[in-house]
Amino acid sequence: MDIKLIIETANLAWNKALNSGSVKTLAALYTDNSIISAGNGIIHTGRDEIEKLFMGFVKNGVHNHTLEIIEVGGSDKVIYQVSKWNANAAESSSFGGIAMSVLEQYSDGKWLINSHVWNVKS
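Residues numbered from 1 in each chain as written. Predicted model: local features only at pLDDT ≥ 70, side-chain atom pairs only at ≥ 80, totals over all residues. Heavy atoms only, no water.

*Asks:* Quick rundown of the packing of aromatic side chains? Include the residues and the values.
*Replies:* In this description, a pair of aromatic rings is defined by centroid distance and the angle of the planes. Under the criterion given, the structure shown has 6 aromatic pairs. When the centroid spacing of 5.4 Å and the interplanar angle of 85 degrees are considered together, the rings of W85 and F95 count as edge-to-face. Highlighted residues: W85 in strand β4 (residues 78-88) and F95 in strand β5 (residues 94-105), separated in sequence by 10 residues. Taking the relative accessible area as the measure of exposure, W85 reaches 8% and is therefore buried. Looking at F95, the relative accessible area reads 24%, which means it is partly exposed. Here the aromatic residues W14, Y30, F54, F57 and W118 are joined through ring pairs into a cluster of three or more. (Phe/Tyr/Trp six-rings, centres within 6.5 Å; stacked < 30°, edge-to-face > 60°. Helix = DSSP H or I, 4+ residues; strand = E, 2+ residues; numbered from the N terminus. Buried < 20%, exposed > 50% of the residue type's maximum accessible area, 1.4 Å probe, protein only.)

In structure tokens form, the structure reads like this:
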């Protein structure tokens, strides 16, 4: 199993969905009971909450999101990544931080995000 390739493929799909504004596609990359936090102490659970969170980002002009893998690991049906992320806002300013996500593999072979936490570097 090539964990880095799985993560790179997941990251490409994630960036494509956010950068195109397709929050339904983005939310579908998460498990039904995913937990995410944007590092502000607020936890969002499930695809509906995830979709609403990212819709706010899209409406505020977040675009050109990228992920640079720092580390990957895991085994069998659970893998993780630590990455640097970067994006642009509506006014073309750049911002970013560190993100960590955990992916689970389902019986159909599909990898979905179960947990996703990030911060914003000030």
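*Asks:* Could you give an account of the pattern of salt bridges, naming the residues involved and the relevant values?
*Replies:* The final tally for this structure, using the stated rule, is 2 salt bridges. K24 is the partner of E51 in a salt bridge, and the nearest nitrogen-oxygen pair spans 3.0 Å. Here E51 is found in helix α3 (residues 46-59), whereas its partner K24 is found in helix α2 (residues 23-27), with 27 residues between them in sequence. Here D32 and R47 are joined by a salt bridge, their closest N and O atoms 2.5 Å apart. Of this pair, D32 sits in strand β1 (residues 30-37) while R47 is found in helix α3, placing the two residues 15 residues apart along the sequence. Judged by its relative accessible area of 28%, R47 falls in the partly exposed class. (Salt bridge = Lys/Arg side-chain N within 4 Å of Asp/Glu carboxyl O.)

*Asks:* Which residues make up the sheet that holds strand β3 (residues 63-75), and what are the values?
*Replies:* A sheet is described by the order of its strands in space; here 6 strands give the open sequence β2-β1-β6-β5-β4-β3, paired in mixed fashion. For this open sheet the edge positions go to β2 (43-45) and β3, each flanked by a neighbour on one side alone. Averaged over all adjacent pairs, the angle separating strand axes in this sheet is 20 degrees, with direction ignored. As defined by bridge partners, β3 adjoins β4 across 10 bridges and the pair is classed as antiparallel. (Pairing = 2+ DSSP bridges. Axes fitted to C-alpha atoms, helices over the stretch in contact; angles between N-to-C directions.)

*Asks:* I'd love a proper account of the environment of D32, names of residues and values included.
*Replies:* Judged by relative accessible area, which is 59%, D32 ranks as exposed. In this structure, the C-alpha to C-alpha distance between D32 and N114, residues 82 residues apart in sequence, is 8.3 Å. Excluding its chain neighbours within four sequence positions, the residues that come into contact with D32 are G46 and R47. Among the polar contacts listed, one links the side chain of D32 to the side chain of R47, at a separation of 2.5 Å. (Contact = heavy atoms within 4.5 Å. Polar contact = N/O pair within 3.5 Å; in protein donor to acceptor, adjacent residues only side chain to side chain.)

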